[in-house]
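So the chains spell out like this:
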Amino acid sequence: MTVLALHIPDGFLSGPVAAGSAILALGAVALALRIADRTIDDAQVPLLGVVAAFVFVAQMLNFPVAGGTSGHVLGAALAAVLLGPWTACLVMTVVVATQALAFADGGVGALGANVLNLGVLGALVSGFLLAAVVHARPSRTVYLAAVGVAAWLAVMLAAVATSVELALSGTVPLHVVLPAMLGVHALIGVGEALVTVAAVSGLLAARPDLVHLGGRTFPGPGRLAPRPDGALT
């Protein structure tokens, strides 16, 4: 089975590309740490662990896509839904680093690129997209649709970034790797979107307090409304 993987192994990136990706990833993670230090309280720590464990396990389970390829859930958008973009960035970084260091899933030399592609881009872009949608006070249906789009987009961004890094490294030409990666991961992204929307829909029904809605709630089937206590969920 051929796997067009997002976890880049060692030896596939040139030194400058690996170093540049690591610098970008380190900068984003350092900023995320500063923001999280001001916003995370003790009550949220168990949720961080649960989300990290879920994403870790989900990424280890491959499912067939098409043409002998396989994919797995990324989890960045779901983490952003539950934790917000910056904390989700930290959780995804821990997951990707653990996979590389403990399970050799992705190269140690390519760790910066993998953190950037799988953690930083997905968590921040999907998180800020959903924050913008929440600000408009959408209906539950519109919000869930936005969750699906964010999940799909996180996968596609990771595929684009991986393709560009491989091309800049001289590993494979961009006109070869980009269409192949996007074609496969467009399908993987659909699976990611369906799983993420199903999970968030279930959480909104059972535990809406776990969904990061910027201090708003869904009043039944209607639109977002401010929480009476003004607290962040």
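To be clear, the structure that these remarks concern was listed above.
Residues numbered from 1 in each chain as written. Predicted model: local features only at pLDDT ≥ 70, side-chain atom pairs only at ≥ 80, totals over all residues. Heavy atoms only, no water.

Chemist: Is there a simple way to think about unusual backbone geometry in this case?
Modeler: Where the residue is not glycine, phi is negative for most of them; where a peptide bond is considered, it is trans in most cases. Phi is positive for alanine 104, which is not a glycine, with a value near 55°. Along the chain, alanine 104 falls in the loop between helix H4 (85-103) and helix H5 (111-135). A relative accessible area of 65% means that alanine 104 is categorised as exposed. Phi is positive for arginine 137, which is not a glycine, with a value near 55°. Tracing the sequence through the fold places arginine 137 in the loop between H5 and helix H6 (140-168). (Helix = DSSP H or I, 4+ residues; strand = E, 2+ residues; numbered from the N terminus. Buried < 20%, exposed > 50% of the residue type's maximum accessible area, 1.4 Å probe, protein only.)

Chemist: How do you make sense of the nonpolar core when you look at a structure like this?
Modeler: Within soluble globular proteins, side chains that are nonpolar generally end up buried alongside one another. Core analysis: the biggest nonpolar cluster contains 65 residues, and Leu13, Val51, Tyr143 and Val200 have the highest contact counts within it. For this core, the elements supplying multiple residues, two or more each, are helix H1 (15-39), helix H2 (45-60), helix H3 (76-83), H4, H5, H6 and helix H7 (174-206). The element that contributes the greatest number of residues to this core is H5, accounting for 11 residues. Non-local contacts of valine 51, meaning those with residues more than four positions away in its chain, are made with Ala79, Leu82, Leu83 and Val91. (Core = buried A, V, L, I, M, F, W, Y, C linked by side-chain atoms within 4.5 Å. Contact = heavy atoms within 4.5 Å.)

Chemist: Sorry, what's going on with the packing of aromatic side chains here?
Modeler: Aromatic ring pairs: the centre-centre distance and the angle between the two ring planes describe each pair. The full count for this structure, using the stated rule, is two aromatic pairs. Between phenylalanine 56 and phenylalanine 103, the ring centres sit 5.4 Å apart and the planes meet at 55°, which makes this aromatic pair tilted. Of this pair, phenylalanine 56 sits in helix H2 while phenylalanine 103 sits in helix H4; the two residues are 47 residues apart in sequence, bridging distant segments of the chain. Considering the side-chain rings of tryptophan 86 and phenylalanine 128, the 5.8 Å spacing of their centres and the 75° angle between planes classify their relative orientation as edge-to-face. A residue pair is termed long-range when its members are at least 10 positions apart, and tryptophan 86 in helix H4 and phenylalanine 128 in helix H5 qualify at 42 residues. Looking at phenylalanine 128, the relative accessible area reads 43%, which means it is partly exposed. (Phe/Tyr/Trp six-rings, centres within 6.5 Å; stacked < 30°, edge-to-face > 60°.)

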